[in-house]
Amino acid sequence: MSVAEIRDQYDITAGSSNLRRRRRTEKAVSAVAILSALFAVMLLALVLGTVLFKGISQIDMDFFTKPAALFGEKGGIADALIGSALIVAMATILAVPIAILVAIYIAEYAGPKAASFFRVMLDVLNGVPAIIVGIFIYGMLVVGHGQSSVYGAMALAILMIPMVARATQEILELVPRHLREASLALGMPRWRTVYSIVLPTAIGGILTGVVIAVARVAGETAPLLFTSSITQNQISFDVHNALPTLPIRIFTLSESPSPDDQAAAWAAALVLIAFVLVMNIVAKTIAGRKRKSLEGG
Amino acid sequence: MSTVTPDPLAPAPIDRQGIRFGDVLFKGVALVAAIGVAAVLGSIAYKVFALAWPAIQEFGLSFIWTQGWNPNANVYGALVFIYGTVVTSVIALLLATPLSIAIALFLTEIAPGRVAAPIATMVELLAAIPSVVLGLWGILVFGPCVASHLEPFLNTWFGFLPIFSGDPSQAGVLPAALVLTIMIIPITSAICRELFSRVPRDLSDGSLALGSTRWEAIRRVAIPYAAPGISAAVLLGLGRAFGEAIAVTQVIGAGNTINQSLFPPGDTLGSRIASSYIGASSAIEAQSLLYLGAILLVISLVTNVSAQLIVNRFQKARRVSAG
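> Account for the overall build of chain A, with residues named and values stated.
Per the secondary structure count, chain A includes twelve helices and zero strands. Element order for chain A, N to C, with α for helix and β for strand: α-α-α-α-α-α-α-α-α-α-α-α. Here chain A, with 297 residues, has 48% of them falling under the buried criterion. Residue pairs at least 24 apart in sequence account for 76% of intrachain contacts in chain A once pairs closer than 6 positions are excluded.

This is the structure we're talking about:
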């Protein structure tokens, strides 16, 4: 006789049909919740599995070292990889310092009213659809100057700034007050306190935010559609012209009826998704280590 | 006062001017950055409207309720795309909200920590899949699967409903709505999870101690407590769904008409801009596409700002009740 059965003997409510009904509801709800979670995990497995299954057979050395195919021959993604790397790197260099400064202003200097104004503003900027940001840069710069990977990087930077700034600001506010007070009490000026005490303490969290933003922006297609999409499929490092990128390549290949193109699209998607997943794992690792060090200290 | 002997242990005189200058400079630079970002937001709104202005003047507000898009006949109207945007996003939300709440309940109330953590990570990773990859999957795998299995099934059993009537189609409103569902599940479920984990322990414990089952504690305590936050989560998901252009372009099929059925192709504001802007054949077509962009911007700003307002009020109320 199990413990549960013994308890039920003395449970005066056990026999009531009402309670039985309520327990049945509880079981049903739990089942629905478990199934929903399983469903989400299954979706992830399904998408990742399909990309892996359809993409892996295309991937070889040539795929990474050759530019896109012109006609007939089997091409690669070298040109798109270079373009994506350059554009994302430029976007990161543009966005991260600005984002960190904004976060410092909000967390260290602004009064409560100004802080909440800039916070809301960052969230609203984060909610502007990526394609609208593309149109904005198109209207500001591409009209008149022509497409350029620098403009693409600027569009991506606009998407990155609110992500990095919000992540940084939240982490800055977690830095214990007493660290700042100790530094100020020792006569350090405010800016030195921020620069040599607050930022180093928060660096793990800031890095996590940057890495996640890079991962997200690397997969963005819409802003590049207007700023860096009309390209020659050859290897080029010239950032003044439009460069091919991985997301745009996948987008154009996916709309092609040719099975070869579709196969190349899957392989390119596999490379992109592998990059995004690795970046997310890196972010998780940094975040985990940082939390441990904060808890330990 | 002037007779104080110099103290050998006194700190070196501090360069107050230097400190003041460094602080002012640093604060100034940070403030300029913050104002600059605010200015970017403002100029995005200004620029999109300025670019669309010729079309706004040409067609006026009636553009919004004009149906049809035919560059050859110089007919431009946004109704088809507004309809497509609203229908795909609302379907996505109707499916994603209950699922997200259920996932969040599983992660916070049912699963033990060892199980919850990896599953939460996997749901988060769903949000990390680039939309163009999801669109690729949608156009080549999911769309055909919907057309050959789901749509015939819906048509056989629910064909009496006009939304499930007609012939299945590989590209259409239904697969677009389902792809959007996949994209917003991680967003809404992450927020809901956070909300449920913040429900004060003593409230739910109190409910359990009074004899309610776990589900009753969730339904009567946790969900009402989290309700304003859940509605904000729903709005944020909606904002994301409105603005998604790439994946939708790939699966929706660029239709030019409003159909009762969800099976045939349609189009949304974002997806029409993404698919037609580069190939726009005349200035007025390009400006009309920008008019669509302006409408999209207004819709998503309104959605997002309302979500922010709800979140802010919710936080304020909680702070008051906590203090």
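> Quick one: what's the story with the overall build of chain B, residue by residue and with numbers?
Per the secondary structure count, chain B includes ten helices and two strands. Put simply, chain B runs from its N terminus to its C terminus through helices and strands in the order α-β-β-α-α-α-α-α-α-α-α-α. Expected size for 323 residues packed as a compact globule is a radius of gyration near 20 Å; at 27 Å, chain B overshoots this value by more than 25%. Counting only C-alpha atoms and orienting by the principal axes, one finds that chain B spans roughly 100 × 65 × 35 Å. The proportion of buried residues among the 323 residues of chain B is 46%. Long-range contacts, defined here as pairs at least 24 residues apart, represent 76% of the contacts in chain B between residues at least 6 apart.

> Describe in detail the packing of helix H2 (residues 79–110) of chain B against helix H5 (residues 173–197) of chain B, supporting the description with residues and values.
All names here are of chain B. At a minimum axis separation of 6 Å, H2 and H5 run at an interaxial angle of 35°. Judged by the twist between their axes, the crossing of H2 over H5 is right-handed. When grouped by side-chain class, the residues that make up the contact of H2 with H5 number 20 nonpolar, ten polar and two charged.

> Quick rundown of the interface of chain A and chain B? Include the residues and the values.
Accessible area lost upon the coming together of the parts is a frequently used measure of interface size. Contact with chain A, which involves 68 residues of that partner, is made by 69 residues of chain B. Per-element tally for the side of chain A that touches chain B: the top contributor is helix H2 (residues 17–55) of chain A, with 19 residues. When the residues that make up the side of chain A that touches chain B are grouped by side-chain class, the tally is 50 nonpolar, 13 polar and five charged.

> Explain the environment of Pro144 of chain B residue by residue, including any values.
For Pro144 of chain B, the position within the fold is in helix H4 (residues 131–158). Spatially, the C-alpha atom of Pro144 of chain B lies 15 Å from that of Leu154 of chain B, the residues being ten residues apart in sequence.

> Requested: an account of the domain arrangement of chain A, with residues and values cited.
All names here are of chain A. The domain boundaries assigned to chain A delineate domain 1 (13–58) and domain 2 (61–296). Distance from the C-alpha centre of domain 1 to the C-alpha centre of domain 2: 34 Å. Taken together, the contact between domain 1 and domain 2 spans seven residues of the former and eight residues of the latter. A breakdown of the residues in the side of domain 1 that touches domain 2 according to their chemical character gives four nonpolar, two polar and one charged.

> Describe the environment of Ile56 of chain A, naming the residues involved and giving the relevant values.
Residue and element names in this part refer to chain A. Take Ile56: it is sitting in the loop between H2 and helix H3 (61–65). Here Ile56 falls in the exposed class, since 11 other C-beta atoms lie within 10 Å of it. Note: C-alpha distance between Ile56 and Val271 (215 residues apart in sequence) is 9.3 Å.

> Can you tell me about the packing of H5 of chain B against helix H7 (residues 214–243) of chain B, naming the residues and giving the values?
All names here are of chain B. Packing of H5 against H7 brings their axes to within 9 Å, and their N-to-C directions diverge by 150°. What the angle tells us is that H5 and H7 run roughly antiparallel. The interaxial crossing formed by H5 with H7 has right-handed handedness. The segment H5 lies against H7, with Leu180, Met183, Ile184, Ile187, Thr188, Ile191, Cys192, Leu195 and Phe196 engaging Ala222, Ala226, Gly229, Ile230, Ala233, Val234, Leu236, Gly237, Arg240 and Ala241. Residues belonging to the contact of H5 with H7 are distributed by class as follows: 15 nonpolar, three polar and one charged.

> Give me the lowdown on the nonpolar core, citing residues and values where you can.
All names here are of chain A. Membership of the largest hydrophobic core comes to 196 residues, with the highest contact counts inside it found for Val102, Met160 and Ala268. Here this core takes 18 residues from helix H4 (residues 78–109), the largest share from any one element. Each of domain 1 (13–58) and domain 2 (61–296) gives at least three residues to this core. Ala268 has contacts with Ile77, Ala80, Leu246, Arg249, Ile250 and Leu253, leaving out every residue within four places of it along the chain.

What counts and how
- Residues numbered from 1 in each chain as written.
- Chains lettered and ligands numbered in written order.
- Predicted model: local features only at pLDDT ≥ 70, side-chain atom pairs only at ≥ 80, totals over all residues.
- Helix = DSSP H or I, 4+ residues; strand = E, 2+ residues; numbered from the N terminus.
- Buried ≥ 20, exposed ≤ 12 C-beta atoms within 10 Å, placed from the backbone.
- Contact = placed C-beta atoms within 7 Å.
- Rg over C-alpha atoms; globule rule 2.2 N^0.38 Å.
- Axes fitted to C-alpha atoms, helices over the stretch in contact; angles between N-to-C directions.
- Left-handed = near helix turned anticlockwise from the far one by under 90°.
- Nonpolar A, V, L, I, M, F, W, Y, C, P; charged D, E, K, R; others polar.
- Domains from an automatic or database assignment.
- Parallel < 35°, antiparallel > 145°, perpendicular 65-115°, else oblique.
- Core = buried A, V, L, I, M, F, W, Y, C linked by C-beta atoms within 7 Å.

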